[in-house]
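Below are the chains, spelled out letter by letter.
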Amino acid sequence: MSAHETLRVELGKRSYEIQVGNGLLPSAGERIKPYLMQDRAIIITDENVAKLHLNVLKNSLVAANIKCHEIVLPAGEQTKDFNFLQNLVSQLLELNVERGTTLLALGGGVTGDLTGFTAAILLRGIDFIQIPTTLLSQVDSSVGGKTGINTRHGKNLVGAFYQPKLVLSDIDSLDTLAKREILAGYAEIAKYGLINNAKFFEWLEENGAALCEGNRELRRQAVIISCQTKANIVSTDERETGDRALLNLGHTFGHALEAEAGFSNRLLHGEAVAIGISLAFDVSLALGFCAREDVKRVRAHYKSVGLPSHPKDIFGMNWEIPSLMRHMKNDKKVKNGHIRLVLARGIGQAFVTDAIAMENVRDTLERITHS
Ligand code: GLY
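Owing to the predicted nature of the structure, the values given are computational and were not obtained by experimental measurement.

Engineer: I'd love a proper account of the overall build of the chain, names of residues and values included.
Structural biologist: Secondary structure assignment for the chain yields 13 helices and 12 strands. Relative to the 2.2 N^0.38 estimate, which gives 21 Å for 371 residues, the radius of gyration of the chain is 20 Å and therefore close to what a compact globule would have. Across its three principal directions, the C-alpha atoms of the chain cover 60 × 40 × 40 Å. Going through the 371 residues of the chain one by one, you find that 55% of them count as buried. Counted over contacts in the chain with a minimum sequence separation of 6, partners at least 24 positions apart contribute 73%.

Below, the structure is given as structure tokens:
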């Protein structure tokens with residue numbers, strides 16, 4: 001077996017390991033076996049990921065004497081809904097899934113979220129293992145146990161906190177991703193530096209571009225630090241009653257932009273996060289929390305790797321401020337005209353506040369979006 005780094009999400013009896021390294025997928029069977037209650041697993045993946053990685057995973061399971069089935073879903077966010085959930089549950093029951101059967105989520109955030117939620121509700125809860133193959137899912141969605149589906153009322157409104165038994169992140173699986181997808185994941189990596197690790201952000205300023213271009217060692221190091229940061233935060237606040245909200249830096253703005261862009265390919269989640277984080281720093285500056293130099297560094301960094309940092313960087317979008325404000329209000333973070341936001345006192349000094357007046361947010365959005 002090739003070497004890997006092991007991190008831990010400490011959650012008492014529900015603690016689990018994150019294994020990060022190169023060449024993990026070909027030996028996934030051996031790695032997974034100690035975590036199975038029976039020598040049987042069911043892989044859930046999508047058509048795109050299946051073409052690239054399904055055979056490697058299946059061969060490794062067979063080599064480890066693990067019986068496996070696979071369910072291949074269409075690629076895309078549309079599978080995170082009640083219909084696909086119902087179909088998936090039916091297919092699993094037809095395969096005679098048992099309490100001791102483990103689901104393996106092979107793919108990106110959509111596959112992980114849907115598989116995790118299915119595992120949470122099927123037979124009142126069966127085990128699942130995350131095998132994330134995108135940068136975004138390796139550094140964010142596969143860790144921390146947020147699972148769920150979308151409804152017509154909004155994204156991720158139905159779900160459960162349900163932790164995996166293991167996360168297996170093979171850095172080599174990132175090689176097949178399009179640059180735009182790497183960048184979308186990178187936006188979240190930079191987020192960890194901006195939340196509470198100024199040294200990591202400095203390291204990214206030096207190494208981010210090469211990481212995005214494909215340097216595997218830099219990717220490995222960045223995934224490890226990102227997962228460690230997230231694991232530490234989740235360990236102290238699994239259900240987001242406190243510090244876990246820091247992980248939403250840039251997300252309130254980002255979700256509003258995504259909603260306005262129709263959750264389409266025009267604006268990927270990570271791109272929206274990069275712009276949203278820059279806007280959170282704009283608001284922080286406008287309210288006197290951080291220095292202009294901090295905002296400049298954030299924007300300069302996202303720009304240097306090729307990410308947008310400004311609403312106007314998204315070609316063809318004419319952002320309507322009232323509409324963006326409405327989306328933010330719908331995010332259920334507004335009380336008595338004040339919004340819950342993650343702001344920053346500087347690089348690596350994010351904090352959560354409930355006390356920001358909507359007018360301040362609107363003024364900054366108007367100034368920035370129309371500048
Ligand atoms: N993606 C934010 C969280 O897991 O809390």
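Engineer: Run through the sheet that holds strand β11 (residues 338-344), naming residues and quoting values.
Structural biologist: Pairing between sheet strands relies on hydrogen bonds along the backbone, with the strands arranged either parallel or antiparallel. Spatial strand order, β10-β11-β12: three strands in an open sheet with antiparallel pairing. Either end of the sheet is taken by a strand with one partner, and the two such strands are β10 (334-335) and β12 (350-357).

Engineer: Now, about the environment of A209: what can you tell me, with residues and values included?
Structural biologist: For A209, the position within the fold is in helix α7 (residues 198-213). We classify A209 as partly exposed; its relative accessible area is 38%. Distance in space between the C-alpha atoms of A209 and Y302 is 9.6 Å, their sequence separation being 93 residues. Apart from residues no more than four positions distant in its own chain, A209 is found in contact with S304 and V305.

Engineer: Just give me the short version of the site of the ligand, but keep the residues and values in it.
Structural biologist: All residues in the neighbourhood of the ligand are listed as D140, K146, K230, E240, R244 and L247. Taking K230, its side chain carries an N or O atom lying 2.6 Å from an oxygen atom of the ligand. Between an oxygen atom of the ligand and a side-chain N or O atom of R244, the distance comes to 2.7 Å. In the complex, the protein chains occlude 88% of the 200 Å² of accessible area that the ligand would expose alone. Looking at side-chain class alone, the shell around the ligand contains one nonpolar, no polar and five charged residues.

Engineer: Residue-level account of the sheet that holds strand β9 (residues 166-170), with values.
Structural biologist: Pairing within the open sheet is mixed, and its seven strands lie in the order β1-β2-β9-β6-β5-β3-β4. Whereas interior strands pair on both sides, the edge strands pair on one side only; in this sheet they are β1 (4-9) and β4 (67-73). Averaged over all pairs of adjacent strands, the angle between their axes in this sheet comes to 20°, without regard to strand direction. As paired elements, strand β3 (residues 40-46) and strand β5 (residues 102-107) share four bridges and run parallel to each other. Paired with A41 across the two strands is T102, which belongs to β5. Sitting on the sheet, helix α2 (residues 47-63) is in contact with β3, β4, β5 and β6 (127-132), with an inclination near 160° to β3. Those strands touched by helix α8 (residues 216-236) are β1 and β2 (16-21), and its axis lies near 15° from that of β1.

About the cut-offs
Residues numbered from 1 in each chain as written. Predicted model: local features only at pLDDT ≥ 70, side-chain atom pairs only at ≥ 80, totals over all residues. Heavy atoms only, no water. Helix = DSSP H or I, 4+ residues; strand = E, 2+ residues; numbered from the N terminus. Rg over C-alpha atoms; globule rule 2.2 N^0.38 Å. Buried < 20%, exposed > 50% of the residue type's maximum accessible area, 1.4 Å probe, protein only. Contact = heavy atoms within 4.5 Å. Pairing = 2+ DSSP bridges. Near = heavy atom within 4 Å. Polar contact = N/O pair within 3.5 Å; in protein donor to acceptor, adjacent residues only side chain to side chain. Areas by Shrake-Rupley, 256 points an atom, 1.4 Å probe, with all protein chains shown as cover. Nonpolar A, V, L, I, M, F, W, Y, C, P; charged D, E, K, R; others polar. Axes fitted to C-alpha atoms, helices over the stretch in contact; angles between N-to-C directions.

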